[in-house]
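# Structural overview for review
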Amino acid sequence: MRPITKQQKKVLDFIKSFIKRNSFPPTLEEIASGLKLSAVSTVHQHVNALIHKGHLQKRENFARAIEIKKEAKISDFIEIPLLGLIAAGAPIATVERPELIKVPREFVVGTKKHHALRVQGHSMQDAEIFNGDIVVICEQTNIEDGGIGVALVNGKATLKKIYWEKTRYRLQPANTEYQPIYVKNKDLEIRGRLTGIVRSRFELVTKEGNLLPLTRTANTFDQRLQINNRRFIGNKSKLLGFISDIVAEKCGSYQSFCDIFAGTGAVANHFSRPGVKVIANDLLGSSYNSLKCWLETTTYDTERITGLISHLNNLKTSGQNYISKNFGGTYFTPANAKKIGAIREEIETLQVTPQEKAILLTSLIYAMDKVANTVGHYEAYRKTLDTTQEIKLLVPDINVQNNQNNKVYNKDANKLVREIECDVLYIDPPYNSRQYGDSYHLLENVVTWKKPKVLGVAKKMEERGHLKSKYCLKSAPEAFRDLILNAKTKHILLSYNNTAESKNTRSNATISDKWILETLKMRGKVDTFERDYKGFTTGKSDASGNSERVFYCRVTN
Ligand SMILES: C[S@@+](CC[C@H](N)C(=O)[O-])C[C@H]1O[C@@H](n2cnc3c(N)ncnc32)[C@H](O)[C@@H]1O
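None of the values given here were measured: they were computed from a predicted structure.

Quick notes on the rules
Residues numbered from 1 in each chain as written. Predicted model: local features only at pLDDT ≥ 70, side-chain atom pairs only at ≥ 80, totals over all residues. Helix = DSSP H or I, 4+ residues; strand = E, 2+ residues; numbered from the N terminus. Buried ≥ 20, exposed ≤ 12 C-beta atoms within 10 Å, placed from the backbone. Contact = placed C-beta atoms within 7 Å. Near = placed C-beta within 6 Å. Nonpolar A, V, L, I, M, F, W, Y, C, P; charged D, E, K, R; others polar. Core = buried A, V, L, I, M, F, W, Y, C linked by C-beta atoms within 7 Å. Domains from an automatic or database assignment. Pairing = 2+ DSSP bridges. Expected span 1.5 Å × (residues − 1). Arc of directions from axis to C-beta. Axes fitted to C-alpha atoms, helices over the stretch in contact; angles between N-to-C directions. Parallel < 35°, antiparallel > 145°, perpendicular 65-115°, else oblique. Left-handed = near helix turned anticlockwise from the far one by under 90°. pLDDT = per-residue confidence, 0-100.

### Some details on the overall build of the protein chain
Counting its secondary structure elements, the protein chain contains 15 helices and 22 strands. Here the protein chain holds 557 residues, and 43% of them are scored as buried. Contacts in the protein chain between residues far apart in sequence, at least 24 positions, make up 69% of those at least 6 positions apart.

### With respect to the site of the ligand
Around the ligand, 24 residues are found, and the nearest of them are Gly234, Phe261, Gly263, Thr264 and Ser469. Among the residues forming the shell around the ligand, the class breakdown is 12 nonpolar, seven polar and five charged.

### What to know about helix H6 (residues 285–296)
The buried count for H6 comes to 10 of 12 residues, which makes it a mostly enclosed element. If you check which residues of H6 are buried, you get Ser286, Ser287, Tyr288, Asn289, Ser290, Leu291, Lys292, Cys293, Trp294 and Leu295. Each element contacted by the buried residues of H6 is listed here: helix H5 (266–271), strand E14 (277–281), helix H10 (354–371), strand E15 (395–396), strand E16 (407–409) and helix H13 (441–448).

### Digging into the environment of Trp449
Relative to the elements of secondary structure, Trp449 occurs in the loop between H13 and strand E18 (454–455). In this structure Trp449 comes out as partly exposed when scored by C-beta crowding, with 13 C-beta atoms within 10 Å. Considered as a pair, Trp449 and Arg344 are 105 residues apart in the sequence and their alpha carbons are 8.2 Å apart. Apart from the residues within four sequence positions on either side, Trp449 is in contact with Arg344 and Glu348.

### So, the nonpolar core
Ranked by size, the top nonpolar core spans 89 residues in total, and within it Leu425, Ile427, Ile492 and Leu493 carry the most contacts. When residues in this core are grouped by element, the largest group, 10 residues, is from H10. Two domains each provide a minimum of three residues to this core, namely domain 3 (238–285 + 403–555) and domain 4 (296–396). With residues near it in sequence (within four places) discarded, Ile427 still touches Ile260, Phe261, Leu483, Ile492, Leu493 and Leu494. Ranked by size, the runner-up nonpolar core spans 33 residues in total, among them Ala127, Ile148, Leu188 and Leu194.

### So, the pairing of strand E17 (residues 422–427)
When you tally the buried positions in E17, you get five out of six residues, the bulk of the element. Sheet analysis places E17 next to strand E20 (residues 489–497), joined by five bridges and oriented parallel. From the neighbouring strand, Tyr426 faces E20, where its bridge partner is Leu493.

### Quick notes on unusual backbone geometry
At Asn154, a residue that is not glycine, the phi angle is positive and equals roughly 45°. Take Asn154: it is sitting in the loop between strand E7 (147–153) and strand E8 (156–165). Since 9 C-beta atoms lie within 10 Å of it, Asn154 is described here as exposed. Positive phi is not limited to glycine here, since Trp449 has a value of about 55°.

### So, the environment of Thr388
Summarising the element assignment, Thr388 is placed in the loop between H10 and E15. Separated by 53 residues in the primary sequence, Thr388 and Ala335 place their C-alpha atoms 9.3 Å from one another.

### Things to note about helix H3 (residues 40–52)
Taking 1.5 Å per residue, 13 residues should reach 18 Å; H3 reaches 18 Å between its end C-alpha atoms and fits that length. All buried positions along H3 are accounted for by Val40, Val43, His44, His46, Val47 and Leu50. Down the axis of H3, the smallest arc covering the buried residues is 165°, so these residues share one side. Those residues of H3 that are buried lie in contact with helix H1 (6–22), helix H2 (28–34), strand E1 (56–58), strand E2 (66–68) and helix H4 (240–251).

### Considering the environment of Ser287
Counting through the fold element by element, Ser287 comes out in helix H6. Along the backbone, Ser287 and Tyr440 are 153 residues apart, and their C-alpha atoms lie at a distance of 9.5 Å.

### Digging into the pairing of strand E9 (residues 168–172)
Because side chains alternate across E9, one face comprises the buried residues Tyr169 and Leu171, and the other comprises Arg168, Arg170 and Gln172, none of which is buried. In this structure, E8 lies alongside E9, joined through five bridges in antiparallel fashion. By the bridge assignment, Trp164 is partnered in E9 with Tyr169. Connecting E8 to the antiparallel partner E9 that follows it, the hairpin turn spans two residues, and Lys166 within it adopts a positive phi of roughly 55°. Relative to strand E10 (residues 181–184), E9 runs antiparallel, the two being bridged by four bridges. The partner of Tyr169 across the bridge, within E10, is Val183.

### Re the packing of helix H7 (residues 302–313) against H10
Following both chains from N to C, one finds H7 and H10 inclined at 45°, their axes separated by 11 Å at the closest point. By the angle between their axes, H7 is oblique relative to H10. Along this stretch, H7 crosses H10, giving a crossing that reads as right-handed. Here Ile305, Leu308, Ile309 and Leu312 of H7 come into contact with H10, specifically with Glu356, Ile359, Leu360 and Ser363.

### Comments concerning the confidence of the model for the protein chain
Of the residues in the protein chain, 86% have a pLDDT of 70 or more, and the chain-wide mean is 85. Every residue in residues 200–222 scores below 50 in pLDDT, and together they form 42 contacts with partners more than four places removed in sequence or on other chains. In the predicted structure, residues 534–543 sits below a pLDDT of 50 and forms 20 contacts with residues beyond four places in sequence or in another chain.

### A look at the packing of H6 against H13
In contact at an axis separation of 8 Å, H6 and H13 are set at 65° when each is read in the N-to-C sense. The residues of H13 that touch H6, namely those facing Gly285, Ser286 and Asn289, are Leu443, Glu444, Val447 and Thr448. Partitioning the contact of H6 with H13 into residue classes produces two nonpolar, four polar and one charged.

See below:
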């Protein structure tokens with residue numbers, strides 16, 4: 001471990017004592033407020049330095065991801081029961097569906113009994129407890145004032161910060177969109193205290209093998225599809241905290257948020273909430289379709305969708321079809337390819353609304369991604385077809401309350417920017433010469449379903465010209481300047497990684513830092529935020545040393 005400065009030591013000591021007190025690590029805001037530092041970005045820098053110097057480490061898949069560095073071993077995990085759902089919103093009844101999951105041993109306090117619950121709702125998101133996360137609860141009947149715990153109100157459980165106010169309890173959400181709940185002493189029972197959070201939407205296993213996957217006993221969990229359950233080059237699902245911190249620090253309150261290169265929609269979805277209009281856009285039809293599903297669905301009949309998806313899962317396949325002929329035995333097992341073709345054909349014949357069709361296609365695309373014999377894109381398939389898992393469609397978990405004001409587009413960003421206005425404009429263009437239309441040609445093919453002739457070893461559709469992005473070409477700097485100069489917004493955030501000088505020319509960023517800064521400064525003052533990130537690569541290049549940067553510009557001109 002390398003030596004640290006006085007200020008870094010203060011931050012490290014604070015984190016250690018916070019963990020000792022709470023059993024989970026602090027957020028950047030909590031460190032800033034605990035140390036009376038006004039800028040979260042300063043804390044961010046200290047934390048990054050402590051990681052570089054080997055004193056801290058980050059677990060990508062965990063909320064409140066900072067931890068004191070130590071080597072994890074299998075014995076560092078413990079099995080506890082996962083009892084069901086817990087509301088992070090209005091109280092709902094917990095569903096008792098016990099199964100066992102492994103969680104880090106440090107989440108468990110002494111010899112007390114613990115259990116885990118899956119969070120449903122968004123009321124605790126500012127405490128970095130998100131919809132779909134799993135929380136570990138130490139069973140106890142009291143809690144310190146302001147502690148996060150499970151309260152039972154009239155027989156229904158909710159996860160909140162719990163305050164005692166003389167004659168009543170205040171259950172305080174960590175999300176300004178939600179109101180506190182006041183409950184008389186006699187109507188409330190404390191069931192436990194939060195001791196750990198597991199970000200469950202991702203696979204819980206690292207290449208180094210120092211984390212175990214979340215295991216669950218077979219067929220006991222009613223799985224729902226989450227927006228981030230897919231592989232997509234450049235997706236920002238693991239950087240949401242970083243982006244959120246910057247928005248919180250720089251943008252204050254906002255009514256509209258535009259994610260103009262939305263891809264999976266992970267960022268747009270993160271900022272989608274009641275009272276905010278989210279605009280999401282992407283050039284790819286397959287991305288647009290999923291954006292419609294996740295961000296534009298304002299109401300849907302869950303039972304009907306569940307029935308339709310179960311019908312698609314149970315379809316019997318017979319002869320060969322477009323997908324099995326073109327992609328069977330390469331991208332998919334022959335059986336899965338047949339099934340995908342049959343399901344896609346069936347979706348075309350079902351009597352469904354356009355919104356339902358977007359939901360079904362999204363479910364299909366995500367399911368294909370899980371069983372594809374690829375490294376996460378369709379530029380090539382792996383030589384050995386060892387992916388034997390059978391394709392299974394899941395019902396998307398769509399938060400319709402958040403979507404009431406949203407609008408989704410399928411346009412070139414430079415065209416759209418001239419048509420819209422927003423408070424915050426988030427820009428996450430492709431960084432290099434790899435065209436997304438090439439990487440995801442197969443999904444595009446399945447969504448558009450024109451069954452074109454496919455060419456070459458990678459079996460790409462011949463006609464992909466309309467999917468070509470200027471941001472992957474030499475014209476990227478000019479396109480970027482045009483976008484910035486035409487943006488009608490108050491705040492601009494640009495994500496761009498630092499591969500401009502990379503040795504692999506295909507991976508080289510197409511816009512230089514100098515050009516980015518010069519361009520953004522035409523609109524106002526610029527701040528740069530940086531974070532290490534082991535990016536999702538195309539499988540060939542080594543992305544170590546990559547860092548993700550967010551350039552922030554307060555628009556004044
Ligand atoms: C880096 S990815 C965005 C990832 C996204 N933030 C996420 O978290 O999933 C860039 C996206 O920009 C889209 N794109 C490329 N050129 C575009 C253009 N001219 N207009 C709109 N979208 C474009 C690509 O299809 C791709 O989905």
